[in-house]
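Structural description and commentary
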Amino acid sequence: MKAVYNVAKYTLLENARSKSFSLSVVFIALVFVSAFIFAKLSEVVEIRAIQDIGMGAVQFFSFLTALFFAVKVAFVEGQNKTIYLPLTRPVKRSEYIFGRYLGIILSAALEIAAMGMLLTILLYLKQAKFDSFYFLSYFFIFLKISMITAVTVLISLASTSQASAFIFSFLVWITGHSLGEVEFLLDEMSPAMVTMVRIFKWIFPNYTLLNLADYTAGRFMAAAGYLPAVLYAVFYVFAVMWLAAAVFEKKEF
Amino acid sequence: MKLALSAVFFIASVLMQAQAGKHFTFRNTPLFSKDFSEVARYSDFWLVLFGHRRIAADIVFIQTLQYYGSIHEDEISAGAKAERGGGFGTGLVRYDKLFSYSLRAVRLDRNFEYAVTFTAAALAWVQKRENEAIVLLTDAIDYWDGQKMPVPVFYQSSLYLSAIAVTKEKGISEATEYMEKAIIYPDCPDMVKNILGEIYFRAEDYKNAARVLEMNLDSRDPGYRLKAREKLEKIHELLISGQQRS
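Remember, predicted model here, so these are calculated numbers, not experimental data.

This part is about the overall build of chain B. From N to C terminus, chain B includes 12 helices and zero strands. Going from the N terminus to the C terminus, chain B shows its helices and strands as α-α-α-α-α-α-α-α-α-α-α-α. Relative to the compact-globule value of 18 Å for 246 residues, chain B shows a C-alpha radius of gyration of 23 Å, a clear excess of over 25%. Along the first, second and third principal axes, the C-alpha atoms of chain B reach 95 × 40 × 35 Å. For chain B, buried positions account for 38% of its 246 residues. Within chain B, contacts between residues at least 6 apart in sequence are counted, and of these 52% link residues at least 24 apart.

What follows is about the interface of chain A and chain B. Listed per partner, the contact involves 47 residues of chain A and 40 residues of chain B. Residue assignment for the side of chain A that touches chain B shows that the elements contributing at least two residues are α3 (43-80), α7 (162-178), α8 (191-203) and α9 (226-250) of chain A. A total of 13 residues in the side of chain A that touches chain B trace back to one element, the largest contributor, which is α9 of chain A. For the side of chain A that touches chain B, the per-class residue count stands at 30 nonpolar, nine polar and eight charged.

Further remarks concern the nonpolar core. A150, V153, V240 and A244 of chain A together with A120 and L136 of chain B are the most contacted members of the largest nonpolar core, which has 133 residues in total. In terms of residues, this core owes the most to one element, α3 of chain A, which gives 18 residues. Contact partners of L136 of chain B, with chain neighbours within four places excluded, come to F99, S102, L103, V106, V116, T119, A120 and L123 of chain B.

On to the environment of T120 of chain A. All names here are of chain A. Within the secondary structure layout, T120 lies in helix α5 (residues 93-125). The class for T120 is partly exposed, based on 17 C-beta atoms found within 10 Å. Between the C-alpha atom of T120 and that of S146, which follows or precedes it by 26 residues, the distance is 22 Å.

Moving on, we get to unusual backbone geometry. Negative phi characterises most residues that are not glycine, and trans characterises most peptide bonds. All names here are of chain B. Even without a glycine there, the phi angle at Y95 is positive, about 50°. Considering the arrangement of structural elements, one finds Y95 in the loop between α4 (53-68) and α5 (98-108). Positive phi values are uncommon outside glycine, yet E204 reaches one of about 60°. Position of E204 relative to the elements: it lies in the loop between α10 (190-202) and α11 (206-214).

So, about α5 of chain B. Residue and element names in this part refer to chain B. For α5, a buried count of 10 out of 11 residues is recorded, marking the element as mostly surrounded by other parts of the structure. Of the residues making up α5, those classed as buried are L98, F99, Y101, S102, L103, R104, A105, V106, R107 and L108. Check the buried side of α5 and you find it contacts α2 (34-37), α3 (42-49), α4, α6 (113-126) and α7 (130-145).

Let's shift gears to the environment of E249 of chain A. Along the chain, the position of E249 of chain A falls in helix α9. On the neighbour-count criterion, E249 of chain A (12 C-beta atoms within 10 Å) is exposed. Separated by 19 residues in sequence, E249 of chain A and V230 of chain A have C-alpha atoms that sit 29 Å apart. Every residue in contact with E249 of chain A, bar those within four places of it in the chain, is listed here: R93 and S94 of chain A together with K2 of chain B.

All right, on to the environment of D35 of chain B then. Residues and elements named next belong to chain B. With respect to the helices and strands, the residue D35 is situated in helix α2. Overall, D35 belongs to the partly exposed group, with 13 C-beta atoms counted inside 10 Å. In the structure, D35 is positioned 72 residues away from R107 in sequence and 7.5 Å away in space, judged by C-alpha atoms.

Glancing now at the packing of α10 of chain B against α11 of chain B. Residues and elements named next belong to chain B. Contact geometry for α10 and α11: axes closest at 8 Å, N-to-C directions at 165°. By the angle between their axes, α10 is roughly antiparallel relative to α11. The hand of the α10/α11 crossing is left-handed. Mapping the contact onto sequence places K193, L196, G197, Y200 and F201 in α10 and N208, A209, V212 and L213 in α11.

Helix length check: α5 of chain A (33 residues) gives 48 Å between terminal C-alpha atoms against 48 Å at 1.5 Å per residue, within 8%. Just downstream of α5 of chain A, Q127 of chain A is the residue with a positive phi angle, here 65°.

On to the confidence of the model for chain B, then. Predicted confidence across chain B gives a mean pLDDT of 85, with 91% of residues reaching 70 or more. Scoring of the predicted complex yields 0.86 for pTM and 0.86 for ipTM.

Residue and element names in this part refer to chain A. Following both chains from N to C, one finds helix α6 (residues 132-158) and α9 inclined at 15°, their axes separated by 9 Å at the closest point. With respect to α9, the element α6 is oriented roughly parallel. Of the two elements, α6 crosses α9, and the hand of that crossing is left-handed. Touching L143, S146, M147, A150, V151, V153, L154, L157 and A158 of α6 are V230, A233, Y236, V237, V240, M241, L243, A244, V247 and F248, all from α9. Residue classes in the contact of α6 with α9 are distributed as 18 nonpolar, one polar and no charged.

Reading the values: the criteria
- Residue numbering note: each chain is counted from 1, following its sequence as written.
- Naming scheme: in the order in which they are written, chains are lettered from A and ligands are numbered from 1.
- Only residues with pLDDT of at least 70 are given local features in this predicted model, and only at 80 or more are side-chain atom pairs given and counted; all residues enter the totals for whole chains, interfaces and linings.
- Runs of E in the DSSP output that reach at least two residues are strands. Runs of H or I that reach at least four are helices, and both are numbered from the N terminus.
- Computation of the radius of gyration draws on C-alpha atoms, with the globule rule given as 2.2 Å multiplied by the number of residues to the power 0.38.
- In this scheme every C-beta is placed from the backbone, and a residue whose C-beta has 20 or more other C-beta atoms within 10 Å is buried, one with 12 or fewer is exposed, and one in between is partly exposed.
- The contact criterion used is a C-beta to C-beta distance within 7 Å, with each C-beta placed from the backbone.
- As a working rule, the residues Ala, Val, Leu, Ile, Met, Phe, Trp, Tyr, Cys and Pro are called nonpolar, Asp, Glu, Lys and Arg charged, and the rest polar, with Gly in that last group.
- In plain words, the nonpolar core is the set of buried Ala, Val, Leu, Ile, Met, Phe, Trp, Tyr and Cys residues that C-beta atoms within 7 Å link up.
- Fitted lines through C-alpha atoms serve as axes, helices being fitted only where they are in contact, and the angles separating the N-to-C directions of these axes extend from 0 to 180 degrees.
- Working rule for angles: under 35 degrees goes down as roughly parallel, over 145 as roughly antiparallel, 65 to 115 as roughly perpendicular, anything else as oblique.
- By convention, the crossing between two helices is left-handed when the near helix turns anticlockwise from the far helix through less than a right angle, and right-handed when the turn is clockwise.
- Expected span of a helix: the number of residues minus one, times 1.5 Å.
- Confidence of the predictor at the level of single residues is captured by pLDDT, which takes values from 0 to 100.

Here it is in structure tokens:
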């Protein structure tokens, strides 16, 4: 466990120094520009637009940075052979991959918190009203990022090129958001297709359950559904990461 | 061992996913449904697939406001006079696409009640197309009624539906009772306050007209601020001249 902690700490420091974090600057510019653009609209639409575009940017930029770090850890380091050095130390491969993953999602958490704070300050200055769903949305964005990071680590370990790892991860992100959209078609599908869609829902991260940012008015799910949704994300991450650890164990560099 | 642990967590995630899915109380219009595809554009699909449905709805509604805030020469009825900048709220331009624009925004995000009430008010009380307003409101209300929400919400839309139905049957002056309830809400469009103030003004109920129009003195829209100020000055003059006569 200590090894996991040390690797995570090293990854977090490494990521914090990375230039990818400067993406946050782009975010700041985007949110402030949008604030000026929408200033002439009615108060309701202005606050709503700033919040939505801001939250969308938080999600998209943290997705991009997490993707970049995950591909770097699981693919680029193997290609560059820089992975040899940490693996010569007394640290198990599974501890290494879990530590790296933990470091990446902690970096993502920091990024989400920093960007979220900025957005909240801007909305506060615009006299927006906040409720628990607004703050919970950030946590759910973090859960989504944790899931896609785990999937990207797994994909990168199995990929033969950096580009394919990026493309497949993007496709998983899109598939995750479209899974809930096909549910209403199940009644019209053949039993074989229904089974296939269900299996897809188990394999791919089902973001319909976690996309609270699209329902910040709170009309999303009953209170009893939030804990299972959070546990779903946590269990899914562990399932994918243990699989990634198994792949990493067998991988030859 | 690792694979076994992965399998155990995978089964747990499947169970939790099913459990969370049971508690869904509100779903937006599905992406591949007829309701969605008959109004949506490609850009909407992409934004939804990337998890930004609300942004897609915001963009469409802002486009709606841009459309409704400008003159369209090809949508001016024969004989009508219109000047640049005078299109909004005058009823001179027909704004044929107003209904389809708003339906698109509303179907993208079913929580976007402001888009429903604003456009319904514009269609019914400015463009005099009550039927389109009623279709827009019933499309939204019927959808919400079909959701598994424990407490009914979206009260404002029902209020607007009543007001517009009364307008259609008995004329706009009979709808003031419902419009009075609508203007209490902080997110009530300034347009509705302006219309209600105008109804009172025409009925020579200056006290109520002044009360309602005063709400628009701090409107973000300079057009409504100006209209409210001008009308209040006029009311003031009328009241003074009335007092002098008596």
